[in-house]
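# Coordinates in review
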Amino acid sequence: MEVEGGEAGKTPRARRPDHVRKMSDLSGARIHITGVVQGVGFRPFVYGLAQRLQLTGWVRNTSAGVDIEADGGTGALHALTRALREELPPLARIEEMVVSYQPANGFTRFEIVHSQPVAGAFQPVAADVAICADCLRELFDPQDRRYRYPFINCTNCGPRFTIIQRMPYDRGQTTMGSFAMCAACAAEYENPLDRRFHAQPTACAVCGPQVWMEMSGEWSVVSEGEGAVQEARARLQAGEIVAIKGLGGFHLACDATNEATVAELRRRKGRQDKPLAVMVGDAAAAARQCVLDEAGQALLTGRERPIVLLRRRAESTIAPGVAPGQHDLGVMLPYTPLHHLLLAAAPGFPEALVMTSGNLSEEPIVSDNEEARQRLAGLADAFLLHDRPIEARCDDSVVRVVPAFPPTPSRRLSIRRARGYAPEPRRLPWAVPQLLAAGAELKNTFCLTRDQYAFLSHHIGDMENYETLQAYERAAAHYERLFQIKPQLVAHDLHPDYLATRYALARAEAEGLPTVGVQHHHAHIAAVMAEHGLPGDRPVIGVAFDGTGYGEDGAVWGGEFLIADYGGYERAAHLAYAPLPGGEKAIREPWRMALGWLAQAGVPWDEALPPMQHALRLEHGETALAALRRQLASGLNAPPTSSMGRLFDAAAALIGVRQVVSYEAQAAIELEALVDATVEERYPFAWAGETIDAAPALAALARDWRQGAPVAAMAARFHNSVAALTAAACRQLRQQHHIQEVALSGGVWQNVTLLRRTMRELAADGFVVYVHEAIPTNDGGLALGQAAVAAWRRRTS
C-alpha cells in the first residue's frame, strides 16, 4: 500500500491502489490561472502533470485565462498546484492562481476541452518567440519531414502576437485559420504528449504557408520554396537588395560587408546616416565582429532576439557605412526558420546582412505583400514573399547593455520595445480604470489599462505623417479588441500639436470621455516609477533629461529636476533657458544651438570655432549669421529651452563633432562615441536658486578647443560635468526635501556613458536609483507614465 500525508493534525493513512480507489478516497480541485498561459504549451503541460499524478478532469482556455477541474487524492492535488508554479513551460508566466477544493466530480479521464469565451474577460497575449533548439535541429535534419521548411514551429516557439486576431488563442482566431492541417500535422496537433499539441501556427510544406520570389516591377513568381531561398541568397551575395517578408513585417536586406551596396540602400531608402541593423548567423559570428561579454550574449541569444548595440571590433568586416560615426553596431541573430536558411554559412556568402525595417524613412514598417509591391518597389531589386498574413506589424526591439559597476550588476536598457517583448503587460501597484494613454510624438507607443495591468504597445514610430497615424489607430483598435478594453478616460501630452494629442482629444470628444493632460517630464518620471512598482504616495527626485517636452510655461523643457509622485510634481530645479534660434531648424543644425549658448555666455563668436567655420562655409553664411544675431537679440523665432539634449548638441557642435544632423540625437551619439574613459576632469556649472547655468561649462569647452585639447578629452569632461551636476542637484534636493530615491528618465539617459557615470556618483552618495530596463527611457515609455498619472488622479479624485 502507498502512503500519503494526511491533512494537518491528522495521522497519515493508507491509500488503496488507484484501480480500486473509491469515490470517498478522492477530492476535487477547481483552479483558475491568469498570466501568460495561452499559446505557450500550458494545456499540454497540465495534461502531462495530470497523467503523472493520476488525476482525472479537464483543462481549457478561456478569454479570462486557463481553468482546470481535477479529481484525485489530496496529496496529488496539492502536488498539482506546486508543479503548476515550479515546473512551468519556458514561455509561461503565472500572475495569479486561485484554487478551491470541493468534493470529487467523478471524472473518468483527464482531457483538454474546447476553449470558452467569457464576455468582457481578457488574457495577456504571448509575444513572438525565436525558433527553439528542437525546431532548429529538425529544420536542418534531412530525415525530418519539415527539413528546410521556412515556417517550422512548436508550442515553445514561433509567431504569437503578430498572428493573433482575437482571444482565446485558437487556430481559428489567428491568421493561420485559413491553412487546413494535413493528416500528419493534425495528428501532432491532437496528441497531448506531442510538442506541437495545439501549437496554433503548426504546419508543414504540404499544408502550410509557402515562400516565393518575385522581381521588383515584374511581380511574377520566378522561384518557389527552396529555390526561392537559394535565389535570395545568390542575389544578396551578388550585391542586390532583397525585401524579405518576416514575422512582423518586411526587412530590406543586403550584404553588410559591401560598402557600395550599403550606400545604395541608404540612397534608395532616404536614410543618410542613421545606423542600420545587421544580422549574423550565430553568437560566434557576432563575437568576431563585436566585443561580446556575458551580458551582451545573454541578450543576443535570448528568446526575444532583440537588436543589441555592441562595440564594433577594429578588425570587423562590416562596412563603415552601416553605422557611420559610431563605435557601436546594432546586431541581432536569426529568429525565424527563414532567417536561419538565409544566413547559413557557405563559402563566399557574407557573414553579416543588413536587416533594416522595410519602409521609406519615417513611415511604418510594411507588413502586407501588396503594400510591399507598392511602397518598396523602388527600394528592393527582388522580393522574398510568403502567404502567412501578419495581423500586427511589429518592428525589431533594440536594447543596450549598461555595464556593471560595483555593486550594480549589468542590466538591459530598452531603446525600442517591440517584437519579443510586446504586448507583455506591466503589473501596476494598484487597480486602474480602463483608459487610453496616447503617448508622445516621437518614438510613439500608446498604453491601455484595466484591472492592475498596463498594456504598453509595441513601437509605432514617429507620429509625423498620415501613414503612421493610420498604423497607430489600427494598433489601438487591435489592442482594445484583444484585451477587451473600452477606455473610460483618455490621457495625453500637453503639447497641443502632437498628432497623438489631437487623436486623443478628438476621440474623447467623439465618445464623450473625460481627458487628463500630463506634462511630458512628469510622465517620464511616472513611467520609471510604474516600471518599478513604486507606491503612489512616495515622492522621488525625478531627473528628466531629453530633447523636447512642452512645459507648463510654454517653453521647451528637457533638463528637469522634479519632486514627483503620480499625483503631481514640483519643478525643483532646471537648466537655465537658452534660445533655440530658428526653432525646429536649431534641432537639425546644432551649430545654431552652440552659437546661441555662446552668446548667452558672453563668449565672442571666434571665427576659428567649428560652428562659425561651418556657418561661414554656407552659401549665404554671412546672411545666416546676421539672421541668427537678430533672432537672439529679439527672441523672434528663438523659443527658450531648458533641454539637456540641446545642450549636448551645442557641445558636440562647439568642438567640431557634428554641425548638421540627419536623425534625432545624432550629434550626442557621436559625442558619446568619442569619450576617453580615462579622463576624470569636469567643467563647471553655475547655480542661481532653482536655475542651473551651463554657460560656464560651454565657455570652458570653447577655451579647451582654442588651446588644442584632444576632442576625446573634451567629450569626456563634458559627460563628467553632467554626471557631477546631476549628483550635486540630487544632494541639494535631498537636503531640502528629505528624499533618498532618484528616478532617471528621458532620452538623454540612452547615453550609457553618462548613465553609468551618473549612477556611480549617485550610488557613492547613498541614493537609491531607479532607471528604466524593460520600458524605453525615451519617449517610447512615455505612455506608461501618462497612464499611471491619469489612473492615480482618477483614483484620488
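Residues numbered from 1 in each chain as written. Predicted model: local features only at pLDDT ≥ 70, side-chain atom pairs only at ≥ 80, totals over all residues. Heavy atoms only, no water.

Now for the overall build of the chain. A tally of helices and strands in the chain yields 23 helices and 31 strands. For 797 residues, the compact-globule estimate of 2.2 N^0.38 gives 28 Å, and the C-alpha radius of gyration of the chain, at 29 Å, lies within 12% of that figure. The principal-axis extents of the C-alpha atoms in the chain amount to approximately 100 × 65 × 55 Å. Here the chain holds 797 residues, and 60% of them are scored as buried. By sequence separation, contacts in the chain at least 24 residues apart represent 71% of the contacts at least 6 residues apart. Averaged over its 79 positive side-chain charges, the chain has a centre that lies 3 Å from the centre of its 90 negative ones. (Helix = DSSP H or I, 4+ residues; strand = E, 2+ residues; numbered from the N terminus. Rg over C-alpha atoms; globule rule 2.2 N^0.38 Å. Buried < 20%, exposed > 50% of the residue type's maximum accessible area, 1.4 Å probe, protein only. Contact = heavy atoms within 4.5 Å. Lys, Arg positive; Asp, Glu negative; His and termini not counted. Charge placed at Lys NZ, Arg CZ, Asp CG, Glu CD.)

Let us now look at the layout of surface pockets. When its volume is computed, the second largest pocket comes out at roughly 380 Å³. Taken together, 18 residues form the lining of the second largest pocket, with Arg93, Arg303, Glu304, Gly420 and Glu424 sitting closest to its centre. For the lining of the second largest pocket, the residue count by class is nine nonpolar, one polar and eight charged. (1 Å grid on protein atoms, 1.4 Å probe; cavity = no way out; pocket = protein on both sides within 12 Å on 5 of 7 lines; lining within 4 Å. Points joined across faces, edges and corners; volume = space filled by probe spheres on them. Nonpolar A, V, L, I, M, F, W, Y, C, P; charged D, E, K, R; others polar.)

Formed by 190 residues in total, the largest nonpolar core has its most connected members in Phe42, Ile68, Leu84, Leu384 and Leu744. With twelve residues, the top contributor of residues to this core is helix α21 (residues 711-737). Not counting chain neighbours up to four residues away, the residues in contact with Ile68 comprise Ala29, Arg30, Ile31, Ile33, Val46, Trp58, Val59, Leu84 and Phe110. Ranked by size, the runner-up nonpolar core spans 40 residues in total, among them Trp212, Phe250, Leu276 and Val280. (Core = buried A, V, L, I, M, F, W, Y, C linked by side-chain atoms within 4.5 Å.)

Time to look at unusual backbone geometry. Residue Met167 is joined to Pro168 through a cis peptide bond whose omega torsion reads 0°. By secondary structure assignment, the location of Pro168 is in the loop between α3 (133-139) and α4 (183-190). One non-glycine residue, Trp219, adopts positive backbone phi at about 60°. Mapped onto the fold, Trp219 is located in the loop between β8 (211-215) and β9 (221-224). The phi dihedral of His738 falls on the positive side, at around 60°, and the residue is not glycine. Here His738 is to be found in the loop between α21 and β30 (741-745). Overall, His738 belongs to the exposed group, its relative accessible area being 70%.

One pass over the structure, following the stated rule, counts 17 aromatic pairs. Taken together, the aromatic side chains of Phe161, Phe446, Tyr453, Phe455, Tyr472, Tyr479, Phe483 and Tyr503 make up a single cluster linked through ring pairs. Seen from the ring of Tyr453, Arg427 lies directly overhead, with NZ or CZ sitting 5.6 Å from the centre. Its guanidinium or amino end placed over the ring of Phe767, Arg734 lies 4.1 Å from that ring's centre, counting from NZ or CZ. (Phe/Tyr/Trp six-rings, centres within 6.5 Å; stacked < 30°, edge-to-face > 60°. Lys NZ or Arg CZ within 6 Å of the ring centre and 35° of its normal.)

Moving on, we get to the confidence of the model for the chain. Chain-level statistics for the chain give a pLDDT mean of 93 and a share of 96% at 70 or above. Contacts from residues 1-21, a stretch scored under 50 in pLDDT, to residues over four places away or in other chains number 23 contacts. (pLDDT = per-residue confidence, 0-100.)

A separate point is the environment of Phe545. With respect to the secondary-structure elements, Phe545 resides in strand β23 (residues 540-550). In this structure, the C-alpha to C-alpha distance between Phe545 and Ala624, residues 79 residues apart in sequence, is 30 Å. Beyond its immediate stretch of four places on either side in the chain, Phe545 contacts Gly558, Gly559, Glu560, Phe561, Met644, Val722, Thr726, Ser745, Gly746, Gly747, Val748 and Trp749.

This part is about the pairing of strand β21 (residues 490-493). Burial along β21 is two-sided: Val490 and His492 facing one way and Ala491 and Asp493 facing the other are all buried. The pairing of strand β19 (residues 426-437) with β21 spans two bridges and is classified as parallel. Residue pairing in the sheet places Leu436 in a bridge with Val490 of β21. Across four bridges, the pairing between β21 and strand β22 (residues 515-518) is parallel. If you follow Ala491 over to β22, its bridge partner there is Val516. (Pairing = 2+ DSSP bridges.)

Per the counting criterion, the structure on display carries 45 salt bridges. One salt bridge in this structure joins Arg145 and Glu188, with 3.1 Å as the shortest N-O distance. One end of the pair, Arg145, is in the loop between α3 and α4; the other, Glu188, is in helix α4, and 43 residues separate them in sequence. The class of Arg145 is partly exposed, set by a relative accessible area of 38%. Its relative accessible area of 16% is what places Glu188 among the buried residues. Note that Glu511 is salt-bridged to Arg507, the shortest N-O span being 2.9 Å. (Salt bridge = Lys/Arg side-chain N within 4 Å of Asp/Glu carboxyl O.)

Turning next to the sheet that holds strand β3 (residues 27-36). Here five strands make up an open sheet; going across it, the order is β6-β3-β5-β4-β7 and the pairing mixed. What marks the edges here is a single partner per strand, and that holds for β6 (93-103) and β7 (110-112). With direction set aside, neighbouring strand axes in the sheet form an average angle of 15°. Taken strand by strand, helix α1 (residues 42-53) contacts β3, β4 (56-62), β5 (65-72), β6 and β7, and its axis lies near 175° from that of β7. (Axes fitted to C-alpha atoms, helices over the stretch in contact; angles between N-to-C directions.)

With that out of the way, let us pick up the sheet that holds β21. Strand order across the open sheet formed by four strands is β20-β19-β21-β22, with mixed pairing between neighbours. Of all the strands in the sheet, just β20 (447-456) and β22 have a single pairing partner and so form its edges. Going from strand to strand, the sheet's axes swing by 60° on average, the running direction of each strand aside. Sitting on the sheet, helix α12 (residues 499-511) touches β19, β21 and β22, and the angle it makes with β21 is about 150°. Strands in contact with helix α13 (residues 520-531) are β19, β21 and β22; relative to β22, the strand with the most contacts, it is inclined by about 95°.

In this section: the side chain of Ser721. Along the chain, Ser721 turns up in helix α21. By relative accessible area, which is 2% here, Ser721 ends up buried. Reaching out from Ser721, the side chain makes a polar contact with the backbone nitrogen of Tyr683 at a distance of 2.5 Å. Leaving out residues up to four positions away in the same chain, Ser721 has contacts with Arg682, Tyr683 and Phe685. (Polar contact = N/O pair within 3.5 Å; in protein donor to acceptor, adjacent residues only side chain to side chain.)

Moving on, we come to helix α23 (residues 782-796). Its 15 residues place the ends of α23 21 Å apart at the C-alpha level, agreeing with the 21 Å of an ideal helix rising 1.5 Å per residue. Most of α23 sits out of view: eleven of its 15 residues are buried. Residues of α23 that are buried: Leu782, Ala783, Leu784, Gly785, Gln786, Ala787, Ala788, Val789, Ala790, Ala791 and Trp792. Summarising the contacts, the buried residues of α23 are in contact with β19, β20, β21, β22 and α13. (Expected span 1.5 Å × (residues − 1).)

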